[in-house]
Amino acid sequence: MISPAKNLRWDDWTWQHGHACKDLATLTEWLEQAGSVNRMPTNVFNEITSTYRMGITPYYFDLINQYDDTDPIYRQIVPTVEELNISTDELDDPIGDENPARGSRPLKALIHRYTNRVLLIPTAQCAVYCRFCFRKRLVGDTAHNAREEDLQAAYDYIRAHPEIEEVILTGGDPLTLGDQALHRILKELDDIQHLRVIRIHSRLPVVNPFRLTPELGEIISSLVKPVWVSAHFNHPSEITETARKHILNWVSMGIPFLNQTVLLQGVNDSAEVLKELFLSLIEMKVKPYYLHQADMVQGTGHLRVSRGHGLDILKELQGEVPGYALPHYVQDRSDGSGKIPLQNQWV
Ligand code: SF4
C-alpha cells in the first residue's frame, strides 16, 4: 500500500476533508507518488467531471492497492471513461425522488416517501464522490444545500405531521457538517415530541472515519431520542483498524450502527467478498441492513450487476452467514414509490 504525502494532521477529519483530491493535477500527483501514472487524457477527465465531480479523501486513496479498475476502491472512486456511456434506460433521477406525479418532495430539504418517515437533506456536499451515486445529479452542487429557512420549513412540516416517527438525515453527507450545525439540527429534531428515532446516513465512517470524534459522539449520545448511524461499507478492505476503532468507540457510547452496501460489478459481486464484508461488519457491531441492487444511474452500466446474479450470490450466502448478518437485497423503484425486496423472488 502506498500513501499520498502523509501529514501530521492525517488523523484530523477536517484536514482529510480539506485535502480531498478534486482535480486532475492532484490525482496525477497522487498517482505518481504511488508509483503509478495517470492514463486519462485531460479532455476526457474534464468531460466526465463537468457532469459529475470527483472527490477522494487522502485516507480513502490510501486504501487503494492496485492503481487501475481492477482495484475495488479505485473502481468506486476514480473517474473512468466508461461513465460517458449512457444507455437509453438510464436515468437522471433513478429512484424518483422528484417525480412530480408522486409529490414526495414537498420541500427543498425534505423527501416524504413513506408515511411514517422522512428524509432531511441539510447539505448536498459529500466527503467523496462515489462513481455509482444515485443522487449524482445533485451531490456537490451548493445550490442544493439547505439554507436556514429551508431547515426551519422542514422542522415545521415534521411538527405538522404527527404520523412521522423517524427522520433520516441524508444528502449529500450530513457528517460533512461541523459539530455546531449538526447539534442544532439534531436538537431541533430531538425536541419534536412525536418523533421516535433519528437516523444518519453517512459514508464518512468509510472514507474519513476520523469524523467519528468523541466530541460528536457526546453530542449524539446526549440526545433523548436514539440516533442510529447507517454507514456505507462496500468492500472488506474498507474495514480498517482506524474505522473499527472509531466505530467501536461510538458503539461504546451507545450509538447503534447499520450498514448499506451497493452491489457493484468488479467490487463486491461475489459470495466470497460479501461473506467477508458482512462477517467483518458484525465483528465491529455493525448490522448489515440493505444490499442495494445498483440503480439505473446514467453512466454506471459498467458497475451494475444483473438481478439474477445478485440473487445467485444471496443464495450462496444463505447458509454461509448467520441470518442477522444477511442484509435485505432490495431495489428502489424508479417512480419514487420505494423499495422492492428482491429475495421474495425466491418464493
Ligand atoms: S457519499 Fe453517498 S451521496 Fe455522496 S456521492 Fe457517495 S453515495 Fe452519493
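Residues numbered from 1 in each chain as written. Predicted model: local features only at pLDDT ≥ 70, side-chain atom pairs only at ≥ 80, totals over all residues. Heavy atoms only, no water.

1. Side note on the packing of aromatic side chains
Geometrically, a pair of aromatic rings is defined through the distance of the ring centres and the angle of the planes. Inclusion rule: Classification of ring pairs rests on two measures: the distance between centres of Phe, Tyr or Trp rings, Trp counted by its six-membered ring, which must be within 6.5 Å, and the angle between planes, read as stacked under 30 degrees, edge-to-face over 60 and tilted in between. Here a helix means four or more residues in a row that DSSP labels H or I, a strand means two or more in a row labelled E, and each is numbered from the N terminus. Exposure categories follow from relative accessible area, calculated using a 1.4 Å probe and restricted to protein chains: below 20% of the type maximum is buried, above 50% is exposed, and the middle band is partly exposed.
Going through the model one piece at a time under the given rule, you end up with seven aromatic pairs. On the basis of an interplanar angle of 65° and a centroid distance of 5.1 Å, the ring pair of W30 and F61 is categorised as edge-to-face. You can see W30 sitting in helix α2 (residues 24-33) and its partner F61 sitting in helix α4 (residues 58-61), a full 31 residues away along the chain. Neither residue differs from the other here; W30 and F61 are each classed as buried. Within the aromatic cluster, the residues linked to one another by ring pairs are W30, F61 and Y67.

2. What about the pairing of strand β7 (residues 286-293)?
For clarity, the threshold we go by: Strands pair, by our definition, only if DSSP identifies at least two bridges between them. Crossovers are marked right-handed if the path from the first strand over the helix to the second runs clockwise, as seen with the strands pointing away from the viewer.
For β7, the tally of buried residues reaches seven of eight residues, placing the bulk of the element in the interior. Sheet analysis places strand β6 (residues 257-263) next to β7, joined by seven bridges and oriented parallel. The residue of β7 that forms the bridge with T261 is L291. On the question of chirality, the crossover connecting β6 to the parallel β7 by way of helix α11 (residues 271-283) is right-handed.

3. What about the layout of surface pockets?
Filter applied, for reference: A cavity here means a set of points on a 1 Å grid, drawn over the protein atoms and nothing else, where a 1.4 Å probe fits but cannot get out; a pocket is an open set with protein on both sides within 12 Å along at least five of seven lines, and a residue lines either one if it has an atom within 4 Å of a point. Grid points are joined across faces, edges and corners, and a volume is the space filled by probe spheres set on the points. Charged residues are taken to be Asp, Glu, Lys and Arg, nonpolar residues to be Ala, Val, Leu, Ile, Met, Phe, Trp, Tyr, Cys and Pro, and polar residues to be all remaining types, Gly included.
Taken as a whole, the largest pocket encloses approximately 890 Å³ of empty space. As for the largest pocket, its lining consists of 43 residues, of which F134, R135, T170, H201 and Q260 are closest to the centre. The set of elements that each furnish at least two residues to the lining of the largest pocket consists of β1 (110-114), β2 (117-120), β4 (197-201), β5 (227-231), β6, β7 and β8 (328-332). The element that contributes the greatest number of residues to the lining of the largest pocket is β7, accounting for four residues. Along the lines of polarity and charge, the residues of the lining of the largest pocket split into 24 nonpolar, 10 polar and nine charged. The calculated volume of the second largest pocket comes to roughly 240 Å³. Lining the second largest pocket we find 13 residues, and of these T51, Y52, I86, K136 and Q298 sit closest to its centre. Grouping the constituent residues of the lining of the second largest pocket by class yields six nonpolar, three polar and four charged.

4. As for the site of the ligand
What counts is decided by this rule: Being near a molecule or strand, for a residue, means having at least one of its heavy atoms within 4 Å of it. Put plainly, a molecule is in a cavity or pocket when over half of its atoms are within 2 Å of the grid points there.
If you check the shell around the ligand, you find Y52, C126, V128, Y129, C130, C133, V139 and R203 and nothing else. Its atoms largely coinciding with the cavity grid, the ligand occupies the largest pocket. Across the shell around the ligand, the residue classes break down as seven nonpolar, no polar and one charged.

5. Quick word on the nonpolar core
As a reminder, the rule being used: Throughout, nonpolar core names a set of buried Ala, Val, Leu, Ile, Met, Phe, Trp, Tyr and Cys residues whose side chains join them through atoms within 4.5 Å. Domain segmentation is taken from an automatic or database assignment of domains. Note on contacts: a residue pair qualifies if any of its non-hydrogen atoms lie within 4.5 Å across the two residues.
In terms of nonpolar packing, the biggest core is built from 96 residues, with L27, L120, I158, L189, F233 and F257 touching the most fellow members. Two domains each put at least three residues into this core: domain 1 (13-84) and domain 2 (110-346). For F257, the residues in contact, after removing those within four places along its chain, are P205, L212, V229, I247, W250, V251, K285, V286 and K287. Residues A124, Y129, C133 and L138 belong to the second largest nonpolar core, which totals seven residues.

6. Notes on the domain arrangement of the protein
For clarity, the cut-off: Summed over both partners, the accessible surface that disappears when two parts come together, traced with a 1.4 Å probe, is what is meant by buried area. Any Lys or Arg side-chain nitrogen found within 4 Å of a carboxyl oxygen on Asp or Glu counts as a salt bridge. Side-chain atoms alone can form a polar contact between residues adjacent in sequence; in general such a contact is a pair of N or O atoms within 3.5 Å, and within protein one must be able to donate a hydrogen while the other accepts it.
Domain boundaries in the protein define domain 1 (13-84) and domain 2 (110-346). Relative placement of domain 1 and domain 2: their C-alpha centres are 23 Å apart. If you look at the interface, domain 1 gives 24 residues, while domain 2 gives 37 residues. On the domain 1 side of the contact with domain 2, W13, Y52 and Q76 bury the most area, a combined 32% of that side's loss. Counting every contact that joins domain 1 to domain 2 gives one salt bridge. Among the salt bridges present, the one from R131 reaches E83, with a minimum N-O distance of 3.0 Å. Applying the counting criterion to the domain 1 and domain 2 interface returns 16 residue pairs in polar contact (both at pLDDT 80 or more). Residue assignment for the side of domain 1 that touches domain 2 shows that the elements contributing at least two residues are α1 (13-18), α4 and α5 (72-77). Of all the elements, α5 adds the most residues to the side of domain 1 that touches domain 2, at five residues.

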